[in-house]
Amino acid sequence: MFENLTESLKEYAPNIFYALIIFAAGYIIIRLVVKSLRAVFAKSQHIDETAWSFLISLIRTVLYVILCVMILSQLQVPMSSIVAALGTAGLAIGLALKDSLGNVAGGFLIMFNRPFKVGDYVDVKGSEGTVSEITILYTKLLTIDNKAIMIPNGTVSSATITNYTQEAMRRLELKFDISYDADFHKAMRLLERVISSNSLSLNDPDPPFVRLSEYKSSSIRLTARVWVKSENYWELRYALLAEIKDAFDREGIEIPYDQLDVHIDSEKAE
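**Student:** Please clarify how the pattern of salt bridges should be interpreted in this entry.
**Tutor:** Side-chain pairs of opposite charge can arise where the charged atoms are in close proximity. Applying the stated criterion across every chain, the model contains 9 salt bridges. Here Asp249 ties to Lys245 by a salt bridge, and the two come within 2.7 Å at their closest N and O atoms. Of this pair, Asp249 and Lys245 are both found in helix H7 (residues 233–251), 4 residues apart, which corresponds to roughly one turn of the helix. What you see here is one network of salt bridges that share partners, running through Asp177, Glu214, Lys216 and Arg221.

Here is the structure:
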């Protein structure tokens, strides 16, 4: 028995050796192909990063499947057996990994529908961040503090998505509460002047908007709206908040805090 096993190993050893060579060569070639494709796609102006990132992920997976088939063939596994095994494995894997297959389908839906692209700032079911990568199974977001959020593509494709940077312009809305004793006409003129004087504020498609919008229990609310380029949204927001507070302080316009006035009837108290 030992002699027969030794003879079998001697006969089969070349196949194992060549299979290892195919694996090593295939692994290196796949890495080189993926690297080359990444460089070509990065220079292309016809395919954006969202599409080629997903495409490279798909190509890498297909190439590894082909490499596995070549290795099995070199090991003299009959092709009919390989096909039968792939069919059986495909059914078993399909049942076991139906969620993952749903993520693959979700990835294709994202590519076709294009609700966002790499570089967009989005909100997906409460998770906010900049889209950094879209693979076959997951979409990767980077938060403002550089945390990575991996969301399954199946979840992304069926979720309500808010894309904050898809449009070239956004409308910034700010609300300010001032005292009932303050001159709200003066405050409105002051808001218009401060907003219009900022170079990031846009007059197209509409000029800045300032209106008295609400009577609150302890204050009057003024609402201001102004158009701004999407990339300047946060810069303008923070700048206006600081500039308007300084302007209110200079002009003596009070920004009240919640308060409760208690009046005591002295006659009833006696």
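**Student:** I'm lost on the pairing of strand E1 (residues 121–124) in this one. Help?
**Tutor:** Every regular strand shows the same layout, with side chains that alternate between the two sheet faces. Burial along E1 is two-sided: Tyr121 and Asp123 and Val122 and Val124, pointing in opposite directions, are all buried. Here 4 bridges tie E1 to strand E2 (residues 127–134), and the two strands are oriented antiparallel to one another. Bridging across to E2, Tyr121 finds its partner in Thr130. Count of turn residues in the E1/E2 antiparallel hairpin: 2 residues, of which Lys125 carries a positive phi of about 50°. Here 3 bridges tie E1 to strand E5 (residues 161–163), and the two strands are oriented antiparallel to one another. In the strand pairing of E5, Asp123 is matched with Thr162.

**Student:** Just to check I follow, could you spell out H7 for this structure?
**Tutor:** Because each turn of an α-helix spans 3.6 residues, side chains separated by three or four positions end up pointing in the same direction. The terminal C-alpha atoms of H7, which comprises 19 residues, lie 27 Å apart, in line with the 27 Å expected from a rise of 1.5 Å per residue. All of the buried residues in H7 are Tyr233, Leu236, Leu240, Ile244, Ala247 and Phe248. The arc that holds every buried residue of H7, seen down its axis, measures 95°, which confines them to one face. In H7, the exposed positions that point more than 90 degrees away from the buried face belong to Glu235, Tyr238 and Arg250. In this structure, the buried side of H7 is in contact with strand E6 (169–178), helix H6 (184–197) and strand E8 (220–229). Backbone geometry just after H7 places Gly252 at a positive phi near 70°.

**Student:** Help me understand the packing of aromatic side chains in this model?
**Tutor:** Aromatic ring pairs are described here by two measures, namely the spacing of the ring centres and the angle between the planes. A complete count under the given rule lists 5 aromatic pairs for this structure. With 6.4 Å between their ring centres and 25° between their planes, Phe23 and Tyr27 make a pair best called stacked. Taken together, the positions of Phe23 and Tyr27, both in helix H1 (residues 2–43) and 4 residues apart, correspond to about one turn of that helix. What makes Tyr27 partly exposed here is its relative accessible area of 35%. Seen in terms of ring centroids, Tyr233 and Trp234 are 5.2 Å apart; in terms of plane orientation they differ by 85°. Their pairing is edge-to-face.

**Student:** Is there a simple way to explain the packing of H6 against H7 in this structure?
**Tutor:** Contact pair H6 / H7: the axes reach a minimum separation of 10 Å and the direction vectors enclose 140°. With respect to each other, H6 and H7 are oriented oblique. In the crossing of H6 with H7, the sense of the turn from one axis to the other is right-handed. Only Leu240, Glu243, Ile244, Ala247, Phe248 and Glu251 of H7 make contact with H6, whose side of the interface consists of Lys186, Ala187, Leu190, Leu191, Val194 and Ile195.

**Student:** Would you mind going over the environment of Ile136 with me for this structure?
**Tutor:** Checked against the element boundaries, Ile136 lands in the loop between E2 and strand E3 (138–142). Separated by 17 residues in the primary sequence, Ile136 and Asn153 place their C-alpha atoms 7.7 Å from one another. Excluding anything up to four places from it in sequence, Ile136 contacts Phe54, Ser57, Leu58, Thr61, Asn103, Val104, Gly107 and Asn153.

**Student:** I would appreciate a short explanation of the nonpolar core in the present structure.
**Tutor:** Buried together is how nonpolar side chains tend to be arranged in soluble globular proteins. Ranked by size, the top nonpolar core spans 25 residues in total, and within it Leu172, Ile178, Leu240 and Phe248 carry the most contacts. For this core, the secondary structure elements donating two or more residues are E6, H6, E8 and H7. The residues touching Leu172, leaving out its near neighbours within four places in the chain, are Ala224, Arg225, Val226, Val228, Tyr233, Leu236, Arg237 and Leu240. Counting residues in each nonpolar core, the second largest holds 13 residues, with Val122, Val131, Ile134 and Ala159 among its members.

**Student:** Can you help me understand the sheet that holds E2 in this one?
**Tutor:** Paired through backbone hydrogen bonds, the strands of a sheet run either parallel or antiparallel to each other. Taken in spatial order, the 5 strands of this open sheet run E4-E3-E2-E1-E5, and their pairing is antiparallel. A strand with exactly one partner marks an edge of an open sheet, and here the two such strands are strand E4 (148–152) and E5. Across the sheet, the mean angle from the axis of one strand to that of its neighbour is 40°, orientation sign disregarded.

Conventions and cut-offs
Residues numbered from 1 in each chain as written. Predicted model: local features only at pLDDT ≥ 70, side-chain atom pairs only at ≥ 80, totals over all residues. Heavy atoms only, no water. Salt bridge = Lys/Arg side-chain N within 4 Å of Asp/Glu carboxyl O. Helix = DSSP H or I, 4+ residues; strand = E, 2+ residues; numbered from the N terminus. Buried < 20%, exposed > 50% of the residue type's maximum accessible area, 1.4 Å probe, protein only. Pairing = 2+ DSSP bridges. Expected span 1.5 Å × (residues − 1). Arc of directions from axis to C-beta. Contact = heavy atoms within 4.5 Å. Phe/Tyr/Trp six-rings, centres within 6.5 Å; stacked < 30°, edge-to-face > 60°. Axes fitted to C-alpha atoms, helices over the stretch in contact; angles between N-to-C directions. Parallel < 35°, antiparallel > 145°, perpendicular 65-115°, else oblique. Left-handed = near helix turned anticlockwise from the far one by under 90°. Core = buried A, V, L, I, M, F, W, Y, C linked by side-chain atoms within 4.5 Å.

The quantities given are spatial measurements derived from coordinates; they are silent on function.
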